Every structure is written in C-alpha cells, then in structure tokens.
Amino acid sequence: MTAPAFTPEDTGYFTEENSADVVIGRMKTDDARFREVMSAVIRHLHALVKEVEPTQAEWMAAIEFLTRTGQICTDWRQEYILLSDTLGVSMLVDAINNRKPSGATETTVLGPFYVSDAPRYDNGADICLDGKGAPLLVRGRVTDTGGRPVAGALLDVWQTNEDGFYDVQQKGVQPDMNLRGVFRTDAEGRYWFRSVKPRFYPIPSDGPVGQLLDRMARHPYRPAHIHFIVGAEGYEPITTHIFSPDCPYLHSDTVFGVKESLIADYRQVDDPEQAARLGLPNPFWTVESDFVLARPGAVG
Ligand code: BEZ
Ligand code: FE
C-alpha cells in the first residue's frame, strides 16, 4: 500500500514556496484584527526575504542592528521611533490617521522633544527665556473649516534655539522650559507671541539609526521649524509644524515631515517704531500662521 500523499498545507511541513502560508496557518487566535495584522506582517516579511535572499551573515547583521536599536533605548531616547521616522513610516501612519476635510491644517510628526507641562502664557509673552537669537513675532488665527474663529483654542508650542537645540537637550545651558509655552486664542481666534528664529538641527545620530543613515548616504537634519499642538473643545487636535522657507534642509527633511502647506511666510521687518510698539528689538522677524480645526470624524 502506498502512503497517502500529504500536501505541505496538510502536514504543516515548511517549504520555501509555502513558507508564509504555513506560518500563518499555525495561528489559532480568535482576535480578527490581530490575525489580520500578523498575517500581513508574516506575508510581507517572507516576501522581503524572498526578494532580497539575504546570506546568513546579512540576516545576522540585521538582527544585530535591531538588537542595538533596542539596547540604546531609555526613558528619554526612543531609537525605534527614530527608525520609524527616518524610514518614512511615522509620516505614513500620520497621513493615514489624519485624513481631514480639505482646508483643515495638515499634520506632521510629534517628535521626541515635546514636554507636556509647558508654562501657560498670555498672548504677547516672550518664550525665549535667555534673550539669545533673532527676535521673531509669531501670530495668526485659529478657525474652523468654515472660516469661523475658534475662541479659547490652546496652542502648545516648542522649538529649538538659534543653535538648533531644544532646552531638554541642553540642561544647564538653556533655562528649563526655554522656547516652550501654551497660548490661548482670544474672542477672534487670534494668538500671538514673541520668540526667536529656530534653526535646523540633526536628529540624534550617535546610535544605530545614525549609522544606518550614514550607510544610506543620508544626512540627519531636520529643517528649521516651530512645533504646534492646536486643540479646542469639540475639535480634533492637530500636531503640526511651521517651517522656515529659507532653510537649506527644507527639501530633504530626514523624517519627511515637510508639507508644502506648512511652509510659513517669514518676513524681516526693519521699522524701529513698529518694533517699539511690539516690544521687540529692531530689526525683527514676523511669521503669520493660521490653523484650521476640523470636527471629530470629519473625513475628506
Ligand atoms: C522633532 O521635530 O523634534 C523631531 C522629529 C522626529 C525625530 C526627531 C526630532
Ligand atoms: Fe523639532
């Protein structure tokens, strides 16, 4: 009598051809979303390996890279987020989760330098606590998608100093909470504050992600920007930036965060009278930036 002919699917024997199906077939979970996600992970991972056909040494190098990426993580250093950022995955997840009706302000990455308890200020305050840098007046309005002002919206802002460092990167050099603050829009939806012109800076590049960028012949710089989280009761909050148009890295952001609509109009003003009225040294910079909030669940 001849042995029955089992297919690899019957037996679960693993072959190069059916590899992903066999691994997916072992899952017994009832969690439909988890099954969907893990099936896709397994399918794409096997397809990647079949496309690349790594040597054993190359595969071990990949595992060692991921090991080093985990080992450098601490409470304040998240190398996997940097990996996701520099491979464009953070911006892709952001895009998928922030499809907004047309007219709503576009979003971009949060980044690792946000601090949740920045000081609350009245409009007009100066968030530059050490007086260093080119003076800048930032102002604009928050409206809904119909152009109506949103009064009482909160704008949480943070940025680098003129040397391209956040306060949290220069403890003891910059005052704590330098170049951060929370502002509230007035009855017409307006906000305004004083600051200094931000500078481009490298993302942390002394670890595995920096080495990977190097191997890909990519620089680690982010173009100059000011971060904003803008929110108001009854609206979807937005996490975004405004970028300086004159920055040399504007078109090669290492985390792909630049969108055309987020490039702001910075102007240099040389007008001693206006400077005195605004409480700024002359000359100074201004940038005007409006934000548009959408209602929850609104999709374009
Ligand atoms: C930031 O803009 O602060 C940032 C974003 C992604 C990675 C590193 C820094
Ligand atoms: Fe930043």
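Throughout what follows, the structure given in this document is the object of discussion. Predicted model only: the values in this text are computed from it and were never measured.

**Considering the site of ligand 1**
Here is step 1: Every residue close to ligand 1 is listed here: L82, D85, G111, P112, F113, Y166, Y201, I203, R222, H225, H227 and V255.
Here is step 2: Here an oxygen atom of ligand 1 and a side-chain polar atom of Y201 are 2.6 Å apart.
Here is step 3: Sorting the residues of the shell around ligand 1 by element identifies α5 (79-86) and β7 (225-231) as the ones contributing at least two each.
Here is step 4: Split by residue class, the shell around ligand 1 holds 7 nonpolar, 3 polar and 2 charged.

**Examining the pattern of salt bridges**
Here is step 1: The full count for this structure, using the stated rule, is 12 salt bridges.
Here is step 2: Residues R180 and D167 are paired through a salt bridge, measuring 2.8 Å at the closest nitrogen-oxygen approach. Here the residue R180 occupies a position in strand β3 (residues 180-184), and D167 occupies one in the loop between β2 (154-159) and β3, the gap between them amounting to 13 residues. Judged on exposure class, the residue R180 and its partner D167 are both buried.

**Points about the sheet that holds β2**
Here is step 1: Spatial ordering of the open sheet is given by β3-β2-β7-β8, a layout of 4 strands whose pairing is antiparallel. The open sheet is flanked by β3 and β8 (238-243), the only strands paired with a single partner. Strand-to-strand twist of the sheet, defined as the mean angle between neighbouring strand axes without regard to direction, takes the value 25°.
Here is step 2: By the bridge criterion, 6 bridges tie β7 to β8 in an arrangement that is antiparallel.

**As for the pairing of β8**
Here is step 1: A large share of β8 lies buried, amounting to 5 of its 6 residues.
Here is step 2: Counting the residues between successive antiparallel strands, the hairpin from β7 to β8 contains 6 residues, one of them, G234, with a positive phi of roughly 85°.

**Description of the nonpolar core**
Here is step 1: In this structure, F228 and F291 are the most contacted members of the largest nonpolar core, which totals 28 residues.
Here is step 2: Contributing elements (two or more residues each) for this core: β1 (135-144), β2, β4 (190-196), β7, β8, β10 (284-288) and β11 (291-293).
Here is step 3: Discounting residues that sit within four places of it in the chain, F228 has contacts with V138, L155, D156, V157, W158, Y191, F193, I238, T239, T240, I242 and F291.
Here is step 4: Counting residues in each nonpolar core, the second largest holds 9 residues, with F65, L82, V109 and I203 among its members.

What counts, and at which threshold
Residues numbered from 1 in each chain as written. Chains lettered and ligands numbered in written order. Predicted model: local features only at pLDDT ≥ 70, side-chain atom pairs only at ≥ 80, totals over all residues. Heavy atoms only, no water. Near = heavy atom within 4 Å. Polar contact = N/O pair within 3.5 Å; in protein donor to acceptor, adjacent residues only side chain to side chain. Helix = DSSP H or I, 4+ residues; strand = E, 2+ residues; numbered from the N terminus. Nonpolar A, V, L, I, M, F, W, Y, C, P; charged D, E, K, R; others polar. Salt bridge = Lys/Arg side-chain N within 4 Å of Asp/Glu carboxyl O. Buried < 20%, exposed > 50% of the residue type's maximum accessible area, 1.4 Å probe, protein only. Pairing = 2+ DSSP bridges. Axes fitted to C-alpha atoms, helices over the stretch in contact; angles between N-to-C directions. Core = buried A, V, L, I, M, F, W, Y, C linked by side-chain atoms within 4.5 Å. Contact = heavy atoms within 4.5 Å.

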